[in-house]
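# Residue-level structural notes
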Amino acid sequence: PGMQGLVVAYNANINAALSANGMPQLADPITMTDFDLEMGAYQATGLTGLGSLCADSVRNVANALVPAGGLDGIPVDVGIVPTGVVRDAIFAGNTGKVTFSDVYNCLPLGISPDQSQPVPGYPMMHAYFTGQELYIIAEVGLTVSQQFGSSYYLNFSGAKIAYNPAYAPYLQGVRKVSLYAPNDPFCEGQTTPVSPTTLYHGVVDLYAFQLLYLVNDFLGPYGLSIVPKDKDGNPILDYMPFRIDTDPSTGGVQELKEWMALLSYLGTSFPASGSGIPSAIYGPGGAVEGRIELVNY
């Protein structure tokens, strides 16, 4: 009873803070699920329904901001979420309800360099990469995860990757990268191969954005590099203007946090009043299984 009293007191304070920022309460249902979404049962590639769900959330929510003038008014081609920032599974439990706290606990990490931001969490960033750099990003995400652990695995939304693990140590494992249309939210339709010199729009969290610079140390011996760019192809020197603004019509920047993207995606695409998270897409053997194709050529 004493411990429960502490929990109730802390939850009351957290709920008050959430209300003050226009957020749901901890126990408010956001969506439903009749299956567990976990990161533990990895395939050879590390692909999971939960990882793909998180990547889909940042891509789709970012694209929803484009009509209002956000993200240069240019749709996002690729969303990327590292497995290492996914900190908790989403369980069906006894009721199937996925609450606000479940969603937040899934992607809770980070803080903004902008101390004026009222809520915690990594801000989402956007940038442009050449088709050749998308090959390299896919290669690094798949290769490094096999060498150093699944936390380094990159979950993609909008991209389909043909991959041969036998060549992974030599940065030659990715055989093909093709993209789904930005208006294909669940990545189930036709794909178009990327062009090596074309610029493609991507969205990642601040953590992964900064890692793209550090990973160039790993790529150096291979004569490769990844350079985030603006829409005109100029290297990004100051990343702060490339934070995603949830309300481009107002002054300042209201950062889109990674957990906010997941919250919005689940609440709008699979609201608690509906049928919930579809197992046919994100469950075992669901549609996401086709995003990474293991090949032997």
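I will try to describe carefully the structure that is included in this document. It should be emphasised that the depicted structure is a prediction, and the values quoted were computed from it without experimental measurement.

Parameters at a glance
- Residues numbered from 1 in each chain as written.
- Predicted model: local features only at pLDDT ≥ 70, side-chain atom pairs only at ≥ 80, totals over all residues.
- Heavy atoms only, no water.
- Helix = DSSP H or I, 4+ residues; strand = E, 2+ residues; numbered from the N terminus.
- Rg over C-alpha atoms; globule rule 2.2 N^0.38 Å.
- Buried < 20%, exposed > 50% of the residue type's maximum accessible area, 1.4 Å probe, protein only.
- Axes fitted to C-alpha atoms, helices over the stretch in contact; angles between N-to-C directions.
- Parallel < 35°, antiparallel > 145°, perpendicular 65-115°, else oblique.
- Contact = heavy atoms within 4.5 Å.
- Patch = residues over 30% accessible without salt bridge, like charges linked within 9 Å, V, L, I, M, F, W, Y side chains within 5 Å.
- Areas by Shrake-Rupley, 256 points an atom, 1.4 Å probe, with all protein chains shown as cover.
- Salt bridge = Lys/Arg side-chain N within 4 Å of Asp/Glu carboxyl O.
- Phe/Tyr/Trp six-rings, centres within 6.5 Å; stacked < 30°, edge-to-face > 60°.
- Pairing = 2+ DSSP bridges.

Each helix and strand in the chain was counted, giving eight helices and 10 strands. Its C-alpha radius of gyration of 19 Å places the chain within 12% of the 19 Å reference for a compact globule of 297 residues. Overall, the C-alpha framework of the chain stretches about 60 × 45 × 35 Å when taken along its three principal axes. Counting only residues that meet the buried cut, the chain has 50% of its 297 residues in that class.

Time to look at the packing of helix 2 (residues 49-64) against helix 7 (residues 258-269). In the contact formed by helix 2 and helix 7, the axes pass within 8 Å of each other and the chain directions differ by 85°. In terms of orientation, helix 2 and helix 7 fall into the roughly perpendicular class. Between helix 2 and helix 7, the contacting residues are L53, C54, D56, S57, V58, N60 and V61 on the first element and E258, A261, L262, S264, Y265 and L266 on the second.

A few words on a nonpolar patch on the surface. Together, M3, L6, V7, Y10 and I14 make up an exposed nonpolar region whose accessible area comes to about 520 Å². With respect to the helices, strands and loops of the structure, L6 is situated in helix 1 (residues 2-20). Owing to a relative accessible area of 47%, L6 belongs among the partly exposed residues under this scheme.

A few words on the packing of aromatic side chains. Counted by the stated rule, this structure contains nine aromatic pairs. Between the aromatic rings of F186 and F270, the centroid separation amounts to 5.8 Å while the plane-to-plane angle is 25°, which identifies the pairing as stacked. Of this pair, F186 sits in the loop between strand 7 (174-180) and strand 8 (191-193) while F270 sits in the loop between helix 7 and helix 8 (279-282), and the two are 84 residues apart along the sequence. The buried category is assigned to F270, whose relative accessible area is 6%. Between F218 and Y222, the ring centres sit 6.3 Å apart and the planes meet at 50°, which makes this aromatic pair tilted.

Turning next to the sheet that holds strand 6 (residues 159-163). Strand order in the open sheet made by the four strands is 8-7-6-10, with mixed pairing throughout. Every interior strand has two partners, whereas the edge strands, strand 8 and strand 10 (292-294), have only one. Each strand axis lies, on average, 25° off the axis of its neighbour in the sheet, ignoring direction. Alignment of strand 6 against strand 10, held across three bridges, turns out to be parallel. Across the sheet, residue A162 finds its bridge partner in strand 10, namely E293. Running at roughly 120° to strand 7, helix 4 (residues 131-148) makes contact with strand 6 and strand 7 of the sheet.

Reading across from one edge, 4-9-2-5 is the order of the four strands in this open sheet, with mixed pairing throughout. In this open sheet, the two edge strands, each paired with only one partner strand, are strand 4 (124-130) and strand 5 (154-157). Neighbour to neighbour, the strand axes of the sheet diverge by 30° on average, direction disregarded. Packed on one face of the sheet, helix 2 meets strand 2 (78-82), strand 4, strand 5 and strand 9 (199-205) and runs near 135° to strand 2.

Here we come to the pairing of strand 4. Counting buried residues along strand 4, seven of its seven residues qualify, which places the element largely inside the surrounding structure. On strand 4, burial covers both faces: M124, H126, Y128 and T130 on one face and M125, A127 and F129 on the other are all buried. Note: strand 4 against strand 9, seven bridges, orientation antiparallel. Bridge pairing in strand 9 places Y128 opposite H201.

Most peptide bonds take the trans form, and the phi angle of most residues other than glycine is negative. Although it is not a glycine, L71 adopts a positive phi angle of roughly 55°. Inspection of the secondary structure assignment puts L71 in the loop between helix 2 and strand 2. L71 gets classed as buried once you look at its relative accessible area, which sits at 7%. The phi angle at D72 is positive, at roughly 65°, despite the residue not being glycine. Residue classification places D72 among the partly exposed residues on the basis of a relative accessible area of 38%.

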